[in-house]
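Structural overview for review
One-letter residues, chain by chain:
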Amino acid sequence: MDINAILDQVKQYPTSYVTVTGGEPLAQPACIDLMTKLADQGYQVSLETSGALDVSNVDPRVVKVMDLKTPSSGELSKNLYKNIAHLSANDQVKFVIGNDEDYQWSKEILTEYALADRCQVLFSPVMGQQNPTELAEKILADYLPVRFQIQLHKLLWDDAQGK
């Protein structure tokens, strides 16, 4: 589907918000142009990205929701830390936490990169692995400047594959 077809499809819905997600959107060559054109048409656009690909060319009107992969994900080496320099106060960094090692690592990265001074920071438990209540209690006990977030897609749709 080309960009114009996607724009026509989006116009069918009575919304002013569009989230570009699914796998890694930035792996699609036309993704940057699509987000810019959506913003040009007045949509509030957000990008859900793994943080493994360069975000420097993303239109500044687009809200970036960027993962930083934790140790238990097995994808720690994919984090592209230079992306942090391209985050603004409207953007978000998300840590999906599976165990105490992930939590401690996330706290270190939060401090090392002064993330809470740069953007919003989200801590989410890995469903079925990290007890959400325990994670929330750790965040509160450590007075972390983060938002607690449950991965709603996993709760609402039982982690079903997208169509």
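Rules used in this analysis
- Residues numbered from 1 in each chain as written.
- Predicted model: local features only at pLDDT ≥ 70, side-chain atom pairs only at ≥ 80, totals over all residues.
- Heavy atoms only, no water.
- Salt bridge = Lys/Arg side-chain N within 4 Å of Asp/Glu carboxyl O.
- Helix = DSSP H or I, 4+ residues; strand = E, 2+ residues; numbered from the N terminus.
- Buried < 20%, exposed > 50% of the residue type's maximum accessible area, 1.4 Å probe, protein only.
- Patch = residues over 30% accessible without salt bridge, like charges linked within 9 Å, V, L, I, M, F, W, Y side chains within 5 Å.
- Areas by Shrake-Rupley, 256 points an atom, 1.4 Å probe, with all protein chains shown as cover.
- Expected span 1.5 Å × (residues − 1).
- Polar contact = N/O pair within 3.5 Å; in protein donor to acceptor, adjacent residues only side chain to side chain.
- Phe/Tyr/Trp six-rings, centres within 6.5 Å; stacked < 30°, edge-to-face > 60°.
- Lys NZ or Arg CZ within 6 Å of the ring centre and 35° of its normal.
- Axes fitted to C-alpha atoms, helices over the stretch in contact; angles between N-to-C directions.
- Parallel < 35°, antiparallel > 145°, perpendicular 65-115°, else oblique.
- Left-handed = near helix turned anticlockwise from the far one by under 90°.
- Contact = heavy atoms within 4.5 Å.
- Nonpolar A, V, L, I, M, F, W, Y, C, P; charged D, E, K, R; others polar.

1. Thoughts on the pattern of salt bridges
This structure, assessed with the given rule, holds 9 salt bridges. Ionic pairing is found between Lys11 and Asp8, a salt bridge with its closest N-O pair at 4.0 Å. A residue pair is termed a helical-turn pair when its members lie 3 or 4 positions apart in one helix, as Lys11 and Asp8 do in helix α1 (residues 3-11) at 3 residues. Taking relative accessible area as the criterion, Lys11 reaches 48% and is therefore assigned partly exposed. Between Asp100 and Lys138 there is a salt bridge, and its shortest N-O distance comes to 3.1 Å. With a gap of 38 residues between them, Asp100 in helix α3 (residues 100-112) and Lys138 in helix α5 (residues 132-141) connect regions that are remote in the sequence. On the basis of relative accessible area, Lys138 is assigned to the partly exposed category, the value being 23%.

2. Notes on a nonpolar patch on the surface
On the surface, a cluster of nonpolar side chains totalling about 390 Å² of accessible area is made up of Met127, Leu152, Leu155 and Leu156. Here Leu152 is to be found in helix α6 (residues 152-157).

3. Quick notes on α3
Because the α-helix completes a turn every 3.6 residues, residues three or four places apart line up on one side. For α3, which comprises 13 residues, the first-to-last C-alpha distance of 18 Å matches the rise-based estimate of 18 Å (1.5 Å per residue) to within 8%. Among the residues of α3, the N-terminal cap falls to Asn99, whose side-chain oxygen and the backbone nitrogen of Glu101 are separated by 3.1 Å.

4. Focus: the packing of aromatic side chains
Scanning all chains against the criterion turns up 4 aromatic pairs. Between Phe95 and Trp105, the ring centres sit 6.0 Å apart and the planes meet at 70°, which makes this aromatic pair edge-to-face. With Phe95 in strand β4 (residues 92-97) and Trp105 in helix α3, the pair connects residues that are 10 residues apart, well separated along the chain. Phe95 gets classed as buried once you look at its relative accessible area, which sits at 0%. Ring centres of Tyr103 and Phe123 lie 6.1 Å apart, and the angle between their planes is 90°; on these two criteria the pair is classed as edge-to-face. Taken together, the residues Tyr103 in helix α3 and Phe123 in strand β5 (residues 120-125) connect sequence positions 20 residues apart. In terms of burial, Tyr103 and Phe123 fall into one category: buried. One aromatic cluster in this structure is built from Phe95, Tyr103, Trp105 and Phe123. Sitting above the plane of the Tyr103 ring, Lys138 keeps its charged end 5.4 Å from the centroid.

5. What to know about the packing of α1 against helix α2 (residues 31-40)
Running from amino to carboxyl end, α1 crosses α2 at an angle of 40°, the nearest separation of the two axes being 10 Å. Accordingly, the angle class assigned to the pair α1 and α2 is oblique. Our pair here, α1 against α2, has a crossing hand that is right-handed. Taken together, the residues of α2 that come into contact with α1 (itself represented by Ile3, Ile6, Leu7 and Val10) are Asp33, Leu34, Lys37 and Leu38. Taken together, the residues of the contact of α1 with α2 sort by class into 6 nonpolar, no polar and 2 charged.

6. Things to note about the environment of Pro145
Within the secondary structure, Pro145 sits in the loop between α5 and β6 (147-148). A residue is classified by how much of its surface remains accessible, and Pro145, at 52% relative accessible area, is exposed. The spacing of Pro145 and Leu68 is 77 residues in sequence and 16 Å in space, taken between C-alpha atoms. Once residues within four sequence positions are removed from consideration, Pro145 is found in contact with Leu110, Ala116 and Val121.

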